[in-house]
Amino acid sequence: MSARRAFGLFIASAVLFGGTFVGAKAGLPYFPPLTFVAIRFDIGALVLAGYAAHKLSVSELRPRTRGDIIAILATGVFVIGLTNSLIFIGQQYITSGVAAIIMSLNPILTPVFAAFALSDESLTRRGIIGIIAGLIGVGLVANPDPSAFVGTIGLPIIFAAAVMSALGAVVIRWATPTMSSAARTVWGVPIAAIVTHLLAATTGESMAAISVTPTAVIALLYVGIGSGAIAYLSYFALIDTVGATRANLLFYLTPVVSALGGWIILDETISTLTITGFAVIFGGFLILGGDSITAVITHRYPQMWTRWMRLRKWALASISSIKSSYPLRLIHSRVRRTRARVQHQPQSQSQSQSQSQSQSHSHSPSQSD
């Protein structure tokens, strides 16, 4: 898969998942949280069944290995079912901005699990710098009230959601499945629906608590089709292409999408601090995804890349020239300062002698008297 297609999957997943926070905020007043999630995946499962009927064969959908079964269960239970259940429960007690910040810890949690389970997943110093920059930007975009981090049950619930998502993504890579990401998603969403229906029944939620309004229907259709089916097809295809660590960097963009969606749909404002956060997040992505961005530019704009490399070479040569000439300039500066001190000393001595002579002349009349 080309770098440009991987970039497209990244943007599509980030936009669709980011809209989940807006859809959840719009729909939660009309649905019990776990019931909302369960119906969401009921719709997603129907959409994916139609997709599978037209795009996938029976052999493609049939699990062949133990790794396929593990990957399907990790997809349905961890990445989709438990993660979304915890997000929708937690958003009852915590603001969307704080929830987005905590979920953006996913790219940090993923390398922690990957370091134990995967041999081909690692995080360089450049990656750490990029992740820190991204987190700073996410904090600026969400602009949360510091008091929202303290004294609420929502924070550990959303953090558990980030852990479930990161753990599931790494387990999928560890299992080395032979099935395609699309086939795993077709299996995973119905499993997530079963898990969330069981959780809703266990907690005593009732369908009678649902209020059917145009806003509720629109929010349900979005989280069911957009971020419940299409988003996961893109997300798991991205994991297969670039790995779990880089794929989960999309969670840096979800607060940005949430902020824009809240501004456009829910009449929320975007502050100057939010715009600054956008810029910082973009800088973090440039640091982290430099290789992928380079591949896209060299493939699509080869002449532009050639000019950029020439400019970069000239700039590096200029900097090297300045550094090499610095010691010589430092020696010349020291010689000039030494000469100035040598010239200043005779002048100061002559001035002191003239002052002493004038003082002796001024005392001579009193002595004669």
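Heads up: the structure comes first, above all this text.
Keep in mind that what you see is a predicted model, and the values were worked out from it rather than measured.

> So what's going on with the overall build of the protein? Which residues, and what values?
Counting its secondary structure elements, the protein contains 15 helices and 0 strands. Across the 369 residues that make up the protein, the buried fraction comes to 41%. Long-range pairs, those at least 24 residues apart, make up 90% of the contacts in the protein between residues at least 6 apart in sequence. For the protein, the accessible area works out to roughly 19,900 Å², and carbon and sulfur atoms hold 65% of it.

> Let's hear about empty space enclosed by the protein: which residues, and what values?
In the structure shown here, the tally under the stated rule is 1 cavity of 30 Å³ or more. Each pocket or cavity is described by its volume, and for the largest cavity that value is around 150 Å³. Taken together, 14 residues line the largest cavity, and the ones lying closest to its centre are Phe17, Asn84, Ile87, Tyr232 and Phe251. Of all elements in the fold, only helix H1 (3-27), helix H4 (66-90) and helix H10 (214-242) reach the threshold of two or more residues within the lining of the largest cavity. The element best represented in the lining of the largest cavity is H4, accounting for 4 residues. In terms of residue class, the lining of the largest cavity is built from 8 nonpolar, 5 polar and 1 charged.

> Tell me about the side chain of aspartate 68, residues and numbers included.
For aspartate 68, the position within the fold is in helix H4. Despite its burial, aspartate 68 pairs with no opposite charge, the nearest such side chain being arginine 64 at 5.7 Å. Only 2.6 Å separates the side chain of aspartate 68 from the backbone nitrogen of threonine 178, close enough to count as a polar contact. Not counting chain neighbours up to four residues away, the residues in contact with aspartate 68 comprise Pro63, Pro177, Thr178 and Met179.

> Please set out the nonpolar core residue by residue, giving values where relevant.
Phe36, Phe41, Met103, Tyr232, Tyr235, Phe236 and Leu250 are the most contacted members of the largest nonpolar core, which has 70 residues in total. If you list the elements that add at least two residues to this core, you get H1, helix H2 (33-55), H4, helix H5 (96-103), helix H8 (154-175), helix H9 (181-202) and H10. Here this core takes 13 residues from H10, the largest share from any one element. Non-local contacts of phenylalanine 236, meaning those with residues more than four positions away in its chain, are made with Thr75, Val79, Ile80, Ile172, Ser181, Arg184 and Thr185.

> So what's going on with the packing of aromatic side chains? Residues and values would help.
Here the distance between the centres and the angle between the planes together describe a pair of aromatic rings. In the structure shown here, the tally under the stated rule is 4 aromatic pairs. Between phenylalanine 36 and phenylalanine 88, the ring centres sit 5.2 Å apart and the planes meet at 80°, which makes this aromatic pair edge-to-face. Placement of phenylalanine 36 in helix H2 and of phenylalanine 88 in helix H4 is noted, with a sequence separation of 52 residues between them. Side by side, phenylalanine 36 and phenylalanine 88 carry an identical accessibility label, which is buried. Within the aromatic cluster, the residues linked to one another by ring pairs are Phe17, Tyr232 and Tyr235.

> Give a detailed account of the side chain of threonine 20, specifying residues and quantitative values.
Tracing the chain through its elements places threonine 20 in helix H1. There is a polar contact of 3.5 Å between the side chain of threonine 20 and the backbone oxygen of leucine 16. Excluding residues that lie within four positions of it along the chain, threonine 20 makes contacts with Arg40, Phe88, Tyr222, Val223 and Ser227.

> Break down a nonpolar patch on the surface for me, with residues and values.
A cluster of nonpolar side chains, Val47, Val212, Val217, Leu221, Ile225 and Ile230, forms an exposed patch at the surface whose accessible area comes to about 480 Å². Here the nonpolar patch takes 4 residues from H10, the largest share from any one element. Tracing the sequence through the fold places valine 47 in helix H2. With a relative accessible area of 32%, valine 47 lands in the partly exposed category.

> How would you explain the packing of H9 against H10 if you had to name every residue and give the values?
For the pair H9 and H10, the least separation of the axes is 9 Å and the interaxial angle reads 140°. Of the possible angle classes, the one that applies to H9 and H10 is oblique. The element H9 and its partner H10 pack so that their crossing is right-handed. Residues Ser181, Ala182, Arg184, Thr185 and Val189 of H9 pack against Gly228, Tyr232, Leu233, Phe236, Ala237 and Asp240 of H10.

> Pulling in residues and values, what's your account of H8?
Between its first and last C-alpha, H8 extends 32 Å over 22 residues, near the 32 Å set by a 1.5 Å rise per residue. Positive backbone phi, approximately 45°, marks threonine 176, located one or two places after H8.

> Help me get a handle on unusual backbone geometry, residues and values and all.
Where the residue is not glycine, phi is negative for most of them; where a peptide bond is considered, it is trans in most cases. Phi at threonine 176 is positive, roughly 45°, even though this residue is not glycine. Along the chain, threonine 176 falls in the loop between H8 and H9. What makes threonine 176 exposed here is its relative accessible area of 58%.

> How would you summarise the environment of isoleucine 101 if you had to cite specific residues and measurements?
Inspection of the secondary structure assignment puts isoleucine 101 in helix H5. Judged by relative accessible area, which is 14%, isoleucine 101 ranks as buried. In sequence terms isoleucine 101 and isoleucine 136 are 35 residues apart; their C-alpha atoms lie 9.6 Å from each other.

Rules behind the numbers
- Residues numbered from 1 in each chain as written.
- Predicted model: local features only at pLDDT ≥ 70, side-chain atom pairs only at ≥ 80, totals over all residues.
- Heavy atoms only, no water.
- Helix = DSSP H or I, 4+ residues; strand = E, 2+ residues; numbered from the N terminus.
- Buried < 20%, exposed > 50% of the residue type's maximum accessible area, 1.4 Å probe, protein only.
- Contact = heavy atoms within 4.5 Å.
- Areas by Shrake-Rupley, 256 points an atom, 1.4 Å probe, with all protein chains shown as cover.
- 1 Å grid on protein atoms, 1.4 Å probe; cavity = no way out; pocket = protein on both sides within 12 Å on 5 of 7 lines; lining within 4 Å.
- Points joined across faces, edges and corners; volume = space filled by probe spheres on them.
- Nonpolar A, V, L, I, M, F, W, Y, C, P; charged D, E, K, R; others polar.
- Lys, Arg positive; Asp, Glu negative; His and termini not counted.
- Salt bridge = Lys/Arg side-chain N within 4 Å of Asp/Glu carboxyl O.
- Polar contact = N/O pair within 3.5 Å; in protein donor to acceptor, adjacent residues only side chain to side chain.
- Core = buried A, V, L, I, M, F, W, Y, C linked by side-chain atoms within 4.5 Å.
- Phe/Tyr/Trp six-rings, centres within 6.5 Å; stacked < 30°, edge-to-face > 60°.
- Patch = residues over 30% accessible without salt bridge, like charges linked within 9 Å, V, L, I, M, F, W, Y side chains within 5 Å.
- Axes fitted to C-alpha atoms, helices over the stretch in contact; angles between N-to-C directions.
- Parallel < 35°, antiparallel > 145°, perpendicular 65-115°, else oblique.
- Left-handed = near helix turned anticlockwise from the far one by under 90°.
- Expected span 1.5 Å × (residues − 1).

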